[in-house]
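Listed here are the chains, written in short residue letters.
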Amino acid sequence: MKDRRLTIKLYPQSSNINAAMQLLRKEIKLSVELNNRLDLLTRNKRAHYYTHKQLEVILEYFCISQKEFELL
């Protein structure tokens with residue numbers, strides 16, 4: 001549920017949650033730096049979810065603190 005609130009926070013201009021999630025996935029995919037950092041933490045390349053450590057990297061990339069995330 002927090003991931004949805006996170007995407008809405010990052011992409012408030014989106015018309016709905018699906019559009020916001022697509023924008024987040026696209027931005028992650030286009031960022032070489034972020035992809036490299038996430039790849040270092042990935043064991044299952046086919047997984048459709050992010051681990052806690054990967055989420056920490058994503059939050060750091062978007063300059064969102066753990067406390068701010070917890071308040072979502």
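**Considerations on the confidence of the model for the protein**
Close inspection of predicted coordinates is inappropriate for parts of the model with low pLDDT.
Here is step 1 of the chain: Looking at the protein as a whole, the pLDDT averages 82, with 88% of positions reaching at least 70.
Here is step 2 of the chain: Element-level pLDDT for the protein is lowest in helix H1 (residues 2–10), with a mean of 74, against a maximum mean of 90 in helix H3 (residues 32–41).

**With respect to the nonpolar core**
Here is step 1 of the chain: By size, the foremost hydrophobic cluster in this structure holds 13 residues, and its most contacted members are Ile-28, Leu-34, Leu-38, Ile-58, Phe-62 and Ile-64.
Here is step 2 of the chain: Of all the elements in the fold, those that place two or more residues in this core are helix H2 (17–30), H3 and helix H4 (52–61).

**Re the pattern of salt bridges**
Here is step 1 of the chain: Tallied over the entire structure, the rule returns two salt bridges.
Here is step 2 of the chain: For Arg-37, the salt bridge is made with Glu-60, and the minimal N-O distance between the two is 2.9 Å. You can see Arg-37 sitting in helix H3 and its partner Glu-60 sitting in helix H4, a full 23 residues away along the chain.
Here is step 3 of the chain: For the salt bridge of Lys-53 with Glu-56, the shortest nitrogen-to-oxygen distance reads 3.8 Å. Highlighted residues: Lys-53 and Glu-56, both in helix H4, separated by three residues, approximately one helical turn.
Here is step 4 of the chain: With relative accessibility at 30%, the residue Glu-56 sits in the partly exposed group.

Here is what the cut-offs are and how they apply
- Residues numbered from 1 in each chain as written.
- Predicted model: local features only at pLDDT ≥ 70, side-chain atom pairs only at ≥ 80, totals over all residues.
- Heavy atoms only, no water.
- pLDDT = per-residue confidence, 0-100.
- Helix = DSSP H or I, 4+ residues; strand = E, 2+ residues; numbered from the N terminus.
- Core = buried A, V, L, I, M, F, W, Y, C linked by side-chain atoms within 4.5 Å.
- Buried < 20%, exposed > 50% of the residue type's maximum accessible area, 1.4 Å probe, protein only.
- Salt bridge = Lys/Arg side-chain N within 4 Å of Asp/Glu carboxyl O.

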